[in-house]
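# Secondary and tertiary structure notes
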Amino acid sequence: MTDSKYFTTTKKGEIFELKAELNSDKKEKKKEAVKKVIASMTVGKDVSALFPDVVNCMQTDNLELKKLVYLYLMNYAKSQPDMAIMAVNTFVKDCEDPNPLIRALAVRTMGCIRVDKITEYLCEPLRKCLKDEDPYVRKTAAVCVAKLHDINAQLVEDQGFLDTLKDLISDSNPMVVANAVAALSEIAESHPNSNLLDLNPQTINKLLTALNECTEWGQIFILDCLANYTPRDDRESQSICERVTPRLSHANSAVVLSAVKVLMKFMEMLPKDLDYYGTLLKKLAPPLVTLLSAEPELQYVALRNINLIVQRRPEILKHEMKVFFVKYNDPIYVKLEKLDIMIRLASQANIAQVLAELKEYATEVDVDFVRKAVRAIGRCAIKVEQSAERCVSTLLDLIQTKVNYVVQEAIVVIKDIFRKYPNKYESVIATLCENLDSLDEPEARAAMIWIVGEYAERIDNADELLESFLEGFHDESTQVQLQLLTAIVKLFLKKPTETQELVQQVLSLATQDSDNPDLRDRGYIYWRLLSTDPVAAKEVVLAEKPLISEETDLIEPTLLEELICHIGTLASVYHKPPSAFVEGSRGVQHKRLPGSAGSGESVESPDAGSAAGVSDAPPAVIPSQGDLLGDLLNLDLTPPSATGPPPAATSGMQMGAMDLLGGGLDSLMGDESEPLGGDLGGSPAMGAGFGAPPAAMPASFNAPVSSGGLDDLFDLGGGVGMPMGAYSPPKAIWLPAMKAKGLEILGTFARRAGVIQMEMTLTNKAMSVMTDFAIQFNKNSFGLTPAGPLQVLTPLSPNQSIEVALPLNTVGPVMKMDPLNNLQVAVKNNIDVFYFSCQYPISMLFVEDGKMERQVFLATWKDIPNDNETQFQIKDCHLSSDAASNKLQGSSIFTIAKRTVDGQDMLYQSIKLTNGIWVLAELRVQAGNPNYTVSLKCRAPEVSQCVFQSYEAVLKN
């Protein structure tokens, strides 16, 4: 009979019976009783009352019984820590048992009992097991060190276990080496700056030797560790690749992907003209193709990884197109992924084959797949110019099928083809217009409206077509409404005499009858443009459109580099960096591929070597301020590349190893002997809070009316109500032109839709053109760092100004500044590198989920020491308490409760900063008294002064 019988009992009074059986003299009866206890525990019954009786059963030679008791111990030790100490003696004794299986079992269980009180008793047994003669015990003890480190890191370091672990990397047994590597990697992940895995050529050699002999999971640990190593030169890189290549033929797909990750990383360092480089490319294709013959779930993981590999090195799989052709019985998620890779691999050589396949897919029954297939045909047309004509005729054939969703997708992609190849395929517009009535999806309707508006001069009845859409204007989605507004304005500018009424109608619908702010804003902009300067309107609305790029869905290069370093992990399936989905991601290290052999970077420079080990993650505690210029000397300010799409925002800026000042530190600090926060900022307003209030909005949008019979159209009469948003200070001069060789920077900070932005006006007051702009911040109190490169895509000519909005995030390195909100910035262009400092209003860091529950607020207020409370006066403020509360809420200062005592309103408010600091406030407002009192309580009282400045700035502006 099997052990299932233990799960079927439903007797009452069971605990008492089990207690008796556990104390029985008969070994078999004892074992039966322990099995019953474990069965009850497994189904969720509370059998913790039997703890002492079960622990007594530990004294046995029977391995099976011992395992069962240890299983019970692991489960209940946390809830019964005092009882668990009873078991310590047995552990210590079992760690010296002649049977290695029992020694290993004891040390494994010790690692799983997560009770602080017990850990110190376990150090001695663990030390013995780490040096045990049996490799099975040593490998188990290695993993136990990582578990113990998680419970009490200080203890592990003090006891010298980390050094013992490092010694195990040189162990004669490959499994011990693999487990030691796994344990060290685990510890290193939670302490990114510890440099535990000190990888050098000797260690790498030992790991590669162990790689051939250990189990498959051991191989994965070792390969993942190898992937973190940066070889000294291309010869070492080639040697490692040669020794890792045999893993590609392993039966376990995880081993194959880990090997691919190592090879992809080390290939970066091999010169492209090397024979071995070509050989390696050929060797990488077969294992990836083999992965696609596994079950669908594995196929999907393989395809997501191949998607990344193809974006980085399409040449690996360029001859393997047929493998990605869809099978009729593939699940939809596999089909869609294969389709994506087919388009990435499409080229002039195989486009005929690809198009034939895609046309076949477009007649399938699966709607989602058909849609994607039609889109794919359009993407092929944009990617391979020679195939565009064939793609357009294929799309027209599909439109003739009159299948609704096929027609709609075809119209969406034809719009993109028009954008890519203007004045080439417009002859098909007539066919598209025939299908106007069948369009019911917003995207297809919007695409059709765009085509009609863009080519209105070629369509005789364009006004009738657009008018037909206008009839149900309020029922359309926002996307269609916006497109319709633009299309009718385009039509008006092309045929002004015939469409005056139409444009008047749409502008009225968009501005007066709509409550969508985007639509209203666009309507007002067009209205103003048409009323003040129709010529300018023509230049803006009918401007030549930039051609769309080939691959708009490519992953941004720095993110792709990071994902390549995470092949075979969840990051490569999600196509997101680990920091985006791992909780507590402050410990997550950002990885990068090494510099390629021809890039001119010296791989052996000590700075580059150390940079690889440095984490971008800021520490949780704000460290004190050190050298003011800090890492501004060590910035990598390479400009964005001129070709290809601009890179999207990345989660952290990479530090290079290049001294931009080149000895310029003396001139910056010495000659003028000014503090860095002084004149470099350029504006006295900065030191005193946030400067003057912004210029008021015009009270009315009434504009001088141009001739053209549109008098009644553009007279709006009243003003436009502005929604109250987060406060943003007016722009101040951050970098005067005389200090920056003609470059003047005015700037401010704003928080829009939860994103912090640095908004700057760059003006060229020099005689020469400025290009190659880049920006970097020094460490600062809240880890502010650019979320992407500085996008100045056109050269800045003399006397020209350009507006730039740089999104920021708070994942940069942290250092306490004085004042706390001081930010030191380096800006580089083709002329030189310039430094300045500015102060950001701390309200930029107030997050939108900062509203505390009342009970939590009350408990926290009581919990924060009274010494941390600071009181400030806000003078000359003439707002009622409700108006003040609304104004503050716009800047994420939330009112939790309000009470009135003796005619004085008291508002209780909470604020949460991006680094998780909470600030609690009590604002007192007395009717008729222009002076408010605000009391701030915070566990980090140093932020209170800055928070008060934000209160003052928000309420007074």
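A brief structural summary. Everything numeric here is computed off the predicted structure, so don't read it as measured data. (Residues numbered from 1 in each chain as written. Predicted model: local features only at pLDDT ≥ 70, side-chain atom pairs only at ≥ 80, totals over all residues. Heavy atoms only, no water.)

### Comments concerning the sheet that holds strand 2 (residues 743–752)
Read across the sheet, 5 strands follow the order 1-2-3-6-5 without closing on themselves; strand pairing throughout is antiparallel. Of all the strands in the sheet, just strand 1 (732–735) and strand 5 (785–786) have a single pairing partner and so form its edges. Note: strand 2 against strand 3 (residues 755–764), 10 bridges, orientation antiparallel. Within strand 3, the position partnered with threonine 748 by the bridge is glutamate 759. (Pairing = 2+ DSSP bridges. Helix = DSSP H or I, 4+ residues; strand = E, 2+ residues; numbered from the N terminus.)

### Section: the nonpolar core
Formed by 209 residues in total, the largest nonpolar core has its most connected members in Tyr72, Phe91 and Phe418. Core analysis: the second largest hydrophobic core is formed by 64 residues, Leu743, Tyr840, Met844 and Tyr932 among them. (Core = buried A, V, L, I, M, F, W, Y, C linked by side-chain atoms within 4.5 Å. Buried < 20%, exposed > 50% of the residue type's maximum accessible area, 1.4 Å probe, protein only.)

### Comments concerning a negative patch on the surface
A surface patch of like charges, here negative, comprises Glu464, Glu467, Glu471 and Glu501. Within the secondary structure layout, glutamate 467 lies in helix 26 (residues 462–470). Taking the relative accessible area as the measure of exposure, glutamate 467 reaches 40% and is therefore partly exposed. (Patch = residues over 30% accessible without salt bridge, like charges linked within 9 Å, V, L, I, M, F, W, Y side chains within 5 Å. Areas by Shrake-Rupley, 256 points an atom, 1.4 Å probe, with all protein chains shown as cover. Salt bridge = Lys/Arg side-chain N within 4 Å of Asp/Glu carboxyl O. Lys, Arg positive; Asp, Glu negative; His and termini not counted. Charge placed at Lys NZ, Arg CZ, Asp CG, Glu CD.)

### As for the pattern of salt bridges
Considering all chains together, one arrives at 37 salt bridges under this definition. Close ionic contact of glutamate 454 with lysine 490 constitutes a salt bridge, the shortest N to O distance being 2.8 Å. Taken as a pair, glutamate 454 in helix 25 (residues 442–454) and lysine 490 in helix 27 (residues 478–494) lie far apart in primary sequence, 36 residues in all. With respect to burial, glutamate 454 and lysine 490 carry one shared label: buried. With a closest N to O distance of 3.0 Å, lysine 765 and glutamate 744 form a salt bridge. Of this pair, lysine 765 sits in the loop between strand 3 and strand 4 (774–777) while glutamate 744 is found in strand 2, placing the two residues 21 residues apart along the sequence. Residue classification places glutamate 744 among the buried positions, given a relative accessible area of 11%. Via salt bridges that share partners, Arg371, Arg375, Glu409, Glu441 and Glu443 belong to a single interconnected network.

### Some details on the packing of helix 21 (residues 367–383) against helix 22 (residues 388–400)
Between helix 21 and helix 22, the shortest axis-to-axis distance is 8 Å and the interhelical angle comes to 160°. For the element pair helix 21 / helix 22, the angle class is roughly antiparallel. Of the two possible hands of crossing, helix 21 and helix 22 adopt the one that is left-handed. Along the contact surface, helix 21 presents Val374, Ile377, Cys380 and Ala381, while helix 22 presents Ala388, Cys391, Thr394, Leu395 and Leu398. Per-class residue counts for the contact of helix 21 with helix 22 are 8 nonpolar, 1 polar and no charged. (Axes fitted to C-alpha atoms, helices over the stretch in contact; angles between N-to-C directions. Parallel < 35°, antiparallel > 145°, perpendicular 65-115°, else oblique. Left-handed = near helix turned anticlockwise from the far one by under 90°. Contact = heavy atoms within 4.5 Å. Nonpolar A, V, L, I, M, F, W, Y, C, P; charged D, E, K, R; others polar.)

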